[in-house]
Each structure stands twice: as C-alpha cells, then as structure tokens.
Amino acid sequence: MESTRVIAVRHGETAWNVDTRIQGQLDIELNDTGLWQARRVAKALVEEPISAIYASDLARAWQTAREIADLRQLEVTTDAGLRERAFGHFEGRTFADIDAVLPDQARLWRTRDPEFAPEGGESLLTFRERITSTATRIAARHPGELVVMVAHGGVMDVLYRAATGQGLQAPRTWELGNAAINRLLWTPQGFTLVGWADTRHLSDDVLDETTV
C-alpha cells in the first residue's frame, strides 16, 4: 500500500486558551485571533495537493478546517473520533483552579498518569487508542494522497508521540501551537514524523497549551 501524507493542524485560538481554561469536549468557538490564525493557515496550504479535509466535530476545529476548505472548494468531513480528550469534571475549570481545588487529581494529571481519568473523562490510555485508531482509519482511506486533519492540542500530542515512539509519560519537548502545520507520513506500519510546529505563516505569538 502506498503511504499517505498527513497535515495535522491544531485549531486556532479560543478565549478559553487565553484563560488557560480546559475545554475538553465542550464546544467553544474561535476568538478573533483564532479566526485570523485559521485564515492564515488556509492561505499557507492553498498550493498543497490536498485530497480531503477531516476535522473534529467541535466548533473550534471545524471553523479552522472550514477556512482551509473554502479556499479549495472542498468539503470538511467531521469525525467525532478526532475530538479532544474528554476531561469530565475538569472541563470549564482553569489550570489554577484544578491545582487549588483538586490537588491530588491535579498531581495525577500533571504527571501524566496513563490510567488516571477525571470523573466523567478519559484516561490517557483510552484517549491514545481513540486518536491513533481514528487517524489510522482516515489515513488508510487515502493511499498515495495528502489529507488534512484539524483537531486539538491533545490530539497533536498523541500523533507526535505515535510518530516518534515517545511514551505517554515522556516529558513533552515539542510545541503544540494553535494553527501550526505538522506533517506526518502514514503506512500500514504506523506514523512517522516529517515536520513539526511550522508557524512561519503566523506573525503573532500563539499559545501552546496541551489542552484545548
């Protein structure tokens, strides 16, 4: 089977990114900066031979993908499998609030305990399985083609770890910037890394929070 080229894009900025408030699977839209970032990444990809565009069905990812699609007269296929990690009762709280009110759970979260799941949410193990299986399923549909997947910071993190063989608890040394361009290659053997965190199309600083 021929390889599939993948461009993975984190959505543009939201007001909750600015507030360091966990969105998880809550449906938060882009702010003005995020809309600007989405338009910039769309222009940066306008010459790419994209065959299909997939996005999380949450508004912030769909809005970003829509900007990319509109310049190419393509449709966006939404896939709930590309959603951010479900954070249960963490969702809507700021990082500082979690640290202050739920210190024991905050420690498990901060140390990336693979089996820890906030009440009503997903563990890292469950999240990784969902993302890798979804991304594999999408990539396998497009051998020899280039596809775009627009999703979330946590999704980007899982894809980077899958492509580089990093474990779930390995310290993160890579960026997860809003509207950054990340390039991967997929074969039936898995994902490999081509390029990461390209933000040359953005002239302003962007937030780099794992959770969107």
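> Any chance you could explain the packing of helix α6 (residues 124-140) against helix α7 (residues 153-164) here in plain terms?
For any two helices packed against each other, one specifies the crossing angle of their axes together with the interaxial distance. Relative orientation of the contacting elements α6 and α7 amounts to 75°, with a least axis distance of 10 Å. By the criterion of interaxial angle, the relationship of α6 to α7 is roughly perpendicular. From α6, F127, R128, I131, T132 and A135 reach across to α7, where they touch G154, V155, V158, L159 and A162. For the contact of α6 with α7, the per-class residue count stands at seven nonpolar, two polar and one charged.

> Got a minute to help me understand the pattern of salt bridges in this structure?
Opposite charge on two side chains lets them pair, provided their charged atoms get close. Tallied over the full model, the rule gives eleven salt bridges. Put simply, R110 and D99 hold a salt bridge, and the shortest N to O gap is 3.0 Å. With R110 in helix α5 (residues 103-110) and D99 in helix α4 (residues 95-101), the pair connects residues that are eleven residues apart, well separated along the chain. A salt bridge links D157 to R112, with the shortest nitrogen-to-oxygen separation between them at 3.3 Å. Residue D157 is located in helix α7, and its partner R112 is located in the loop between α5 and α6; the two are separated by 45 residues in the primary sequence.

> When you look at the pairing of strand β6 (residues 190-198) in this model, what are you seeing that I'm missing?
Sheet faces and side chains relate simply in a regular strand, where the side chains alternate between the two faces. Pairing of strand β5 (residues 181-187) with β6 involves six bridges; the strand directions are antiparallel. Its bridge partner lying in β6, L185 is registered against T192. Linking two consecutive strands that pair antiparallel, namely β5 and β6, is a turn of two residues.

What counts as what
- Residues numbered from 1 in each chain as written.
- Predicted model: local features only at pLDDT ≥ 70, side-chain atom pairs only at ≥ 80, totals over all residues.
- Heavy atoms only, no water.
- Axes fitted to C-alpha atoms, helices over the stretch in contact; angles between N-to-C directions.
- Helix = DSSP H or I, 4+ residues; strand = E, 2+ residues; numbered from the N terminus.
- Parallel < 35°, antiparallel > 145°, perpendicular 65-115°, else oblique.
- Contact = heavy atoms within 4.5 Å.
- Nonpolar A, V, L, I, M, F, W, Y, C, P; charged D, E, K, R; others polar.
- Salt bridge = Lys/Arg side-chain N within 4 Å of Asp/Glu carboxyl O.
- Pairing = 2+ DSSP bridges.

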